[in-house]
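Summary of structural features
Take a look at the letters that make up each chain.
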Amino acid sequence: MSEKPVHSRLRRLVDWINLTGAKKVHSLIDKVYKRKNLEMAWEKVKANRGSGGVDGQSLEAFEAQLEQQLDRLQRELKDDTYQPLPVRQHPIPKRDKPGEHRMLGIPAIYDRVCQQALLNRLEPIFEPIFDDASFGYRRGRSTKDALRKIWKEIQSGSEWIVDADLRDFFGSVDHEKLVTLVAQRVADGRVLRLIKAMLKAGSYGKGQLFPSERGTPQGSVVSPVLSNILLTPFDREMRLRGYQLTRFADDWVVTCRSAAEARAALDAARRILKQLGVELHPQKTRIVHVRYGFEFLGYKIKCGWRKLYLPGSKIRSQARQDALYAYPKEKSIRRFMDQVRQRTKRTTPLKTEDLITGLNPLLRGWGEYYKRAHVRKLFQRLDGWMADLFNSFSCILASLSLRESCIRENRTCSLGGGRRPALYARLLRPDYPETGFWESVEISADFEFTSVF
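As a starting point, this report considers the structure included with it.

Analysis parameters
- Residues numbered from 1 in each chain as written.
- Predicted model: local features only at pLDDT ≥ 70, side-chain atom pairs only at ≥ 80, totals over all residues.
- Heavy atoms only, no water.
- Helix = DSSP H or I, 4+ residues; strand = E, 2+ residues; numbered from the N terminus.
- Expected span 1.5 Å × (residues − 1).
- Buried < 20%, exposed > 50% of the residue type's maximum accessible area, 1.4 Å probe, protein only.
- Core = buried A, V, L, I, M, F, W, Y, C linked by side-chain atoms within 4.5 Å.
- Contact = heavy atoms within 4.5 Å.
- Salt bridge = Lys/Arg side-chain N within 4 Å of Asp/Glu carboxyl O.
- Pairing = 2+ DSSP bridges.
- Axes fitted to C-alpha atoms, helices over the stretch in contact; angles between N-to-C directions.

This part takes up helix α6 (residues 143-155). If you check α6, its first and last C-alpha atoms are 18 Å apart, about what 13 residues at 1.5 Å a residue would give, namely 18 Å. Every buried residue belonging to α6 is among Thr143, Lys144, Ala146, Leu147, Lys149, Ile150, Trp151, Glu153 and Ile154, and all of these are buried. Just beyond α6, the residue with positive phi is Gly157, at close to 115 degrees.

In this section: the nonpolar core. Proteins that are soluble and globular tend to have nonpolar side chains buried together. By size, the foremost hydrophobic cluster in this structure holds 69 residues, and its most contacted members are Met238 and Trp252. Take this core: its biggest share by element is ten residues, from helix α5 (residues 109-126). Not counting residues up to four positions away in its chain, the partners in contact with Trp252 are Val162, Asp163, Ala164, Leu166, Phe234, Leu245, Thr246, Arg247, Ala269, Leu273, Leu280 and Phe296. In this structure, Ile150, Leu359, Phe379 and Trp385 belong to the second largest nonpolar core, which totals 39 residues.

So, about the pattern of salt bridges. Applying the stated criterion to the full structure yields 23 salt bridges. Arg72 is the salt-bridge partner of Glu76, the closest N and O atoms lying 3.2 Å from each other. Of this pair, Glu76 and Arg72 both sit in helix α4 (residues 66-79), four residues apart, which is roughly one turn of that helix. Overall, the relative accessible area of 17% leaves Glu76 in the buried class.

Right, let's get into the sheet that holds strand β1 (residues 87-93). One open sheet holds the four strands; their spatial order is β2-β1-β4-β5, and the pairing between them is mixed. In the strand order of this sheet, the two ends are held by β2 (101-106) and β5 (208-210), each with one partner. Each neighbouring strand pair of the sheet contributes to a mean axis angle of 40 degrees, computed without reference to strand direction.

Moving on, we get to unusual backbone geometry. A positive phi is found at Ala249, a non-glycine position, where the angle reads about 60 degrees. Locating Ala249 in the fold gives a position in the loop between β6 (244-248) and β7 (251-256). Unlike most non-glycine residues, Leu297 shows phi in positive territory, near 55 degrees.

Written as structure tokens, this is what we have:
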């Protein structure tokens, strides 16, 4: 008599959502519409700001009737009569395709509070089951963590990269598959119906109402956690097969030690994603060696290949042959420069103080994001470019009080990175002719390029 075979692998991808067979959550809706939870949801929505939805109601108008609005939402959720409004379509231009747009879906303020209240209860349930390979839309995880993981894997010898992207992910999510995955941990039928109602709410734009048979609105409060729920089986299955996956939302890479392993990883990913109702983007998916470089999360990561003519003992900088380095990709640099030009048009009737107030967040944010990369020469080049740009302004000088406020602001916005390069991006100052807009990158003597992230 033969023994019952023991399967070392799960038979269904859906089983990854409840790997240990833990008890499902049966009563959740009452925690969603709890008054304290609704108030916390409103504070979060208010802090995130943003425009209104199809009903035209603003945050200020909602706050003016806050008690009545929260009472109404609590009553509708309790009586199971809540029905979300269609999201308002808002096109934003695609970064790499001029003339084409990506459609955002902006919910009404009322619906946004409801989604945030639901998110407050779903996150503690699903966060523990999300895989370590997932970094997008998760507390305590950032793009730097994802890049640091890839950096270490490449340094350990995994130099073949599967650079992949998902085709129209937020617009092609299968509703039934997604709700089925959620149901593996949540057994409250009213919560599942609430999620379905949010997914099926449709969208409104150009005077027309469009039904939503697939997808989840890109811009919805609850969409990020739902996308992670859908792709968690993919993360777990790829890692179970031994592949080094790093995923941030719908953008992911796999580091491999050989081209054959990279091809096998790509074939496995394609099969797994097909079961989840998701397709790879053919133009944005490729296998490449790190020597030729790949782009991920706004960075170009590449391995140097040019021969150095001096021996290592005579090179005072940190440059080394075959060293791994990273820098902002060209599209990011061009987009940054376009944004600076847009905000500093000569025809724009702005005072110097308003110009500084509007430009400083852009400089600070861009410098903060890329400060850990190899950007010394790039920042010097941007310094010179901004010098030429702002020298054309005849009214760049300002009062002493404004100058002092900029200096104080600059001191509180230091971009020093501790054991990373001590990079300081000088914010826009009214006294540019004497000091410059950007300071050069300073690299400490003990810093090694092998630990950029």
